[in-house]
Amino acid sequence: MSWKIWSLKKSPWVFHVNTGACNNCDIEIVNLLTPKFDVERFGIKLVGSPRHADALLVTGVVTRQAAPRLREVYRQTSKPCVVFAMGACACDTGIFRSGYHVVGPVDKIIREIDPNAIIAYVPGCPPKPEAMISGIVKALSIL
Amino acid sequence: MNQEELNNKLLEIKDKLTAVEQPADNRIYLACEAENAYAVNKFLFEDVPLRFVIATGIDSDDCFEVLYHYAYDETGCMITLKVFIRDRENPTIESIAPFLPGAEWIEREIHDILGIEFKNHPDMRRLILADDWPEGVYPLRKDAKGPAERPDGEPSTRPTIQTQSPARRTVPLAKPVIAVGPFHPLQEEMEFFQLTVDGEIVTDIDMRISYNHRGIEKISESLQFDQVAFLVSRVCGICSASHPLAYVQAVEELAGVKPPERALYVRTIINELERIHSHILWVGLAGHFIGYDTVFMWAWKYREPVLDLLEEITGNRNNYGNVKVGGCREDIPNELKPKILKEMDKLEKKMDMLTKAVLDDPVLHARLKGVGVLSKEDAIKYAVTGPTARGSGVAIDVRRDDPYALYGDLDWNVISQPQGDVFAKAVVRLLEVFESIKMIRQAVKRIPDGPIAVEVKEIPPGEGVGHVEAPRGETFHYVRSDGGNRPVRHKIRAPSFVNVPSFRASCIGEHIADVTITLAAVDPCYSCTERLAVVDQHSNVIHDYEALLRLSRDKTAQIRKELGTQGIKMEDL
């Protein structure tokens, strides 16, 4: 295990990107920080800049206007960076599949600029906070 | 004015109208031709006067229709003015935005999605579609190839907001600006603000949306009436009980369906639980913005039992999917009633403590009073709703004005405050939590036994409007059916659509340090403050989001020092 991966697993700093979500997954992500779930006890911290982030928590379908911004945010992260597709929309566009302003699920947009990106999926509408924690822990443990 | 006087008043302009229909006491449909639209709208808004709700653009077979929806809150009457634009090649209509700034955004939206020109509109930039969406492709026209058409082609050359970073900006800016957005770590959705500043004072504000536009109104036309309720609960995750309820009420009005009594109780309880968790959520975030992270943590902790209750009733913490045309899908089991009452007792005590801690705090008084004032006149002009309107002395509440579900039978008060500042909005939200607790108690105690849904076989041709008081304000849905199994047009107006443009009235003249809390004060469904750079051309100082949050918090700390208080102590809570 390289020291980079080792350090990433110890305390992943995450940046939250909403690319066209309905707020549900986003609110549940904020919920992770609050007393009931409190992910900071695992060293997981929400940061204000993608440049500080080890992981991106992406929620929502990628809309046409948001796609270039998502690519830009991914470019700005330091690699290796794990991308978490949070919720049904981010995983596979969900109920918004046939929208004219929707360009695709998160993995499609990220793979356009980085075919080898590490992408983890947490399905659910919205995923329960417990599912999000479990998803993050699982993804980090197989790195 | 009672309903009869209102009817007579509307008849004053009848020589300009082509049709007047009144399917129910408090539903009026007027019709006129495009050339009279401006005069009739001006009459309705200024002379009657009605509250502007929203406009709907429709592509009918032989013409375009623009529907202007108004509300008369004293009698709960919804008035819809149908304007027919016969010229399909060059659809044009006079803009009403010059006298009604609340209509500015919706006219831009209709232009984007249907291609209708609005003459004399002050600002016809692109609003709802992406920057690279080709010009001349209108997704809501019926000749568009279905909801999944994603056209390529030459991107629009219409001017848009300067969203680029300073290094890549092609047009130099005349004045220093602050770019706010489109990402933020704590707020939920994307939204881009541009503040023009003079030193510390904000002199102008501009906004760009579209990041979150998913084309729900178009997708809705491809789903069956029963499926649409699931789609609209995903318009906004926090209003995921209000949107389906408004839609279902519109369809029930259209089809003449009356849900059974128990269903009305279930709907009321779920909607009030939603309001409680949404208002507590806001108090927490507002606390975070001004540097009171203790308030943030405590508020969100108190919110959890409410979500647990909702999960126990509907099976999900958000996105309940519980309401359907003709009733509800899931019942509240009778054995859950004592638990709901117990949780309400606990919550009331905790909220009492939190409210006192927030409202008695001298620092918060100094920090929030007189900040971000939205005057009553502006509130009416921008047609704002919900706590934003009630905090500015406009005491409107759909639950009282046009009672739906059970609200007509419950004992509760509409909370309003005259000041219009951030503090008033906080007071409104905090006190509304107690009203909601009161309503839930009454509903749970009186809930009758019986079925929770009636069978609905067919949706006849026709149209209906449904509106519901969501936590952020009035959620409005308009549904039109041609007798098939899908809506031919479904218009959704979320409360933030009218509340957000009011920033132009409340932010200008404020200090930069007060902007974050002013933006947050309307509880926008998409407020974003991340990736924020303050550019001052004179000094070339570039701040980022963290710096702005720090400015806001420093101001709180400064006030605290001057007042000589220690802030909130643990024992106070």
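Everything that follows concerns the structure shown earlier in this document.
Conventions adopted
Residues numbered from 1 in each chain as written. Chains lettered and ligands numbered in written order. Predicted model: local features only at pLDDT ≥ 70, side-chain atom pairs only at ≥ 80, totals over all residues. Heavy atoms only, no water. Helix = DSSP H or I, 4+ residues; strand = E, 2+ residues; numbered from the N terminus. Buried < 20%, exposed > 50% of the residue type's maximum accessible area, 1.4 Å probe, protein only. Areas by Shrake-Rupley, 256 points an atom, 1.4 Å probe, with all protein chains shown as cover. Contact = heavy atoms within 4.5 Å. Axes fitted to C-alpha atoms, helices over the stretch in contact; angles between N-to-C directions. Nonpolar A, V, L, I, M, F, W, Y, C, P; charged D, E, K, R; others polar. Buried area = accessible area lost by both parts, 1.4 Å probe. Salt bridge = Lys/Arg side-chain N within 4 Å of Asp/Glu carboxyl O. Polar contact = N/O pair within 3.5 Å; in protein donor to acceptor, adjacent residues only side chain to side chain. Pairing = 2+ DSSP bridges. Core = buried A, V, L, I, M, F, W, Y, C linked by side-chain atoms within 4.5 Å. Phe/Tyr/Trp six-rings, centres within 6.5 Å; stacked < 30°, edge-to-face > 60°. Lys NZ or Arg CZ within 6 Å of the ring centre and 35° of its normal.

1. A few points about the overall build of chain A
For step 1, the next point in the chain: When you go through chain A residue by residue, the secondary structure sums to six helices and seven strands.
For step 2, the next point in the chain: Looking at the 143 residues of chain A, the share that counts as buried comes to 62%.
For step 3, the next point in the chain: For chain A, the accessible area works out to roughly 5,300 Å², and carbon and sulfur atoms hold 58% of it.

2. Examining the overall build of chain B
For step 1, the next point in the chain: In terms of helices and strands, chain B carries 18 helices and 17 strands.
For step 2, the next point in the chain: Put simply, chain B has 573 residues, and 64% of those count as buried.
For step 3, the next point in the chain: Counted over contacts in chain B with a minimum sequence separation of 6, partners at least 24 positions apart contribute 69%.
For step 4, the next point in the chain: Total accessible area computed for chain B in this model is approximately 20,500 Å², and 49% of it derives from carbon and sulfur atoms.

3. Some points on the packing of helix α6 (residues 242-255) of chain B against helix α7 (residues 261-289) of chain B
The packing of two helices is summarised by the inter-axis angle and the distance between the axes.
Residues and elements named next belong to chain B.
For step 1, the next point in the chain: With their axes 10 Å apart at the nearest point, α6 and α7 run at an angle of 145° to one another. Of α7, the residues touching α6 (which contributes Ser242, Leu245, Val248 and Glu252) are Arg267, Asn271 and Glu274.
For step 2, the next point in the chain: In terms of residue class, the contact of α6 with α7 is made up of two nonpolar, two polar and three charged.

4. Some details on the interface of chain B and chain A
For step 1, the next point in the chain: Counting residues at the interface gives 61 residues for chain B and 43 residues for chain A.
For step 2, the next point in the chain: Contact between chain B and chain A buries roughly 4,400 Å² in total, counting both sides, with carbon and sulfur atoms accounting for 56%.
For step 3, the next point in the chain: Residue Asp308(B) is joined to Lys36(A) by a salt bridge in which the shortest nitrogen-to-oxygen separation is 3.1 Å.
For step 4, the next point in the chain: Here chain B is connected to chain A by 13 residue pairs in polar contact (both at pLDDT 80 or more).
For step 5, the next point in the chain: If you list the elements that add at least two residues to the side of chain B that touches chain A, you get α4 (216-221), α5 (225-232) and α8 (293-314) of chain B.
For step 6, the next point in the chain: Considering every element that reaches the side of chain B that touches chain A, the biggest residue donor is α8(B), with nine residues.
For step 7, the next point in the chain: Looking at side-chain class alone, the side of chain B that touches chain A contains 30 nonpolar, 11 polar and 20 charged residues.

5. Let's talk about the sheet that holds strand β13 (residues 462-470) of chain B
Residues and elements named next belong to chain B.
For step 1, the next point in the chain: Strand order across the open sheet formed by three strands is β13-β14-β15, with antiparallel pairing between neighbours. Edge positions in the sheet fall to β13 and β15 (487-493), since each has one partner strand and no second. Between one strand and the next, the sheet's axes are offset by a mean angle of 10°, whatever the strand orientation.
For step 2, the next point in the chain: Looking at chain direction, strand β14 (residues 473-481) and β15 are connected through six bridges and run antiparallel. Following the sheet pairing, His477 is matched in β15 by Ile492.

6. Description of the pattern of salt bridges
All names here are of chain B.
For step 1, the next point in the chain: Counting across every chain of the model gives 49 salt bridges over all chains.
For step 2, the next point in the chain: With a closest N to O distance of 2.9 Å, Arg125 and Asp123 form a salt bridge. The pair formed by Arg125 and Asp123 is uniform in burial state, with each residue classed as buried.
For step 3, the next point in the chain: Of the charged contacts, one joins Glu343 and Lys346 as a salt bridge, the two residues approaching to 3.9 Å between their closest N and O atoms. Taken together, the residues span about one helical turn, with Glu343 and Lys346 both in helix α9 (residues 337-359) at a distance of three residues.
For step 4, the next point in the chain: Residue Glu343 is classed as buried on the basis of its relative accessible area of 15%.

7. Side note on the nonpolar core
Residues and elements named next belong to chain B.
For step 1, the next point in the chain: Core analysis: the biggest nonpolar cluster contains 99 residues, and Tyr247, Leu273, Ile276 and Ile340 have the highest contact counts within it.
For step 2, the next point in the chain: Sorting elements by how many residues they give to this core places α7 first, with 14 residues.
For step 3, the next point in the chain: Look past the residues within four positions of Ile340 in its chain and what remains in contact with it is Leu309, Ile313, Ile332, Ile440 and Val444.
For step 4, the next point in the chain: Ranked by size, the runner-up nonpolar core spans 70 residues in total, among them Ala55, Ala103, Phe476 and Ile512.

8. Focus: the sheet that holds strand β3 (residues 51-59) of chain B
Residue and element names in this part refer to chain B.
For step 1, the next point in the chain: Taken together, five strands build an open sheet; the order of strands is β1-β2-β5-β4-β3 and the sheet is mixed. Each edge of the open sheet is held by one strand with a lone partner, namely β1 (19-24) and β3. Between one strand axis and the next, the sheet turns by 20° as a mean value, whatever way the strands run.
For step 2, the next point in the chain: Of the pairings in the sheet, the one linking β1 to strand β2 (residues 27-33) comprises four bridges and is antiparallel in character. If you follow Ala24 over to β2, its bridge partner there is Arg27.

9. Side note on the packing of aromatic side chains
All names here are of chain B.
For step 1, the next point in the chain: Applying the stated criterion across every chain yields a total of nine aromatic pairs over all chains.
For step 2, the next point in the chain: Here the aromatic rings of Phe52 and Tyr70 are separated by 5.6 Å at their centres, their planes lie at 70°, and the arrangement is edge-to-face. Residue Phe52 is found in strand β3, and its partner Tyr70 is found in strand β4 (residues 64-72); the two are separated by 18 residues along the sequence. Assigned by exposure class, Phe52 and Tyr70 land together as buried.
For step 3, the next point in the chain: Both rings, one in Phe296 and one in Trp300, keep their centres 5.6 Å apart while their planes meet at 75°; by these two values the pair is edge-to-face. Of this pair, Phe296 and Trp300 both sit in helix α8, four residues apart, which is roughly one turn of that helix.
For step 4, the next point in the chain: Taking the relative accessible area as the measure of exposure, Phe296 reaches 3% and is therefore buried.
For step 5, the next point in the chain: In this structure Trp300 comes out as buried when scored by relative accessible area, which is 0%.
For step 6, the next point in the chain: Counting every residue linked through ring pairs, the aromatic cluster contains Tyr38, Phe45 and Phe99.
For step 7, the next point in the chain: Of note, Arg399 hangs over the ring of Tyr407, and the distance from its end group to the ring centre comes to 5.8 Å.

10. Topic: the side chain of Arg64(A)
For step 1, the next point in the chain: Along the chain, Arg64(A) turns up in the loop between β4 (62-63) and α3 (67-76).
For step 2, the next point in the chain: With relative accessibility at 9%, the residue Arg64(A) sits in the buried group.

11. Brief notes about the pairing of strand β3 (residues 55-59) of chain A
All names here are of chain A.
For step 1, the next point in the chain: Burial runs high along β3: five of the five residues are buried.
For step 2, the next point in the chain: Neither face of β3 is open: one carries Ala55, Leu57 and Thr59, the other Leu56 and Val58, and all of them are buried.
For step 3, the next point in the chain: Relative to strand β5 (residues 82-86), β3 is paired through five bridges, and the arrangement is parallel. Counterpart to Ala55 in the pairing with β5 is Val82.

12. Digging into the side chain of Arg141(B)
All names here are of chain B.
For step 1, the next point in the chain: In this fold, Arg141 is placed in the loop between β7 (117-119) and β8 (177-180).
For step 2, the next point in the chain: A polar contact is formed between the side chain of Arg141 and the backbone oxygen of Leu114, at a distance of 2.8 Å.
For step 3, the next point in the chain: Non-local contacts of Arg141, meaning those with residues more than four positions away in its chain, are made with Asp59, Phe64, Pro91, Ile113, Leu114, Gly115 and Lys218.

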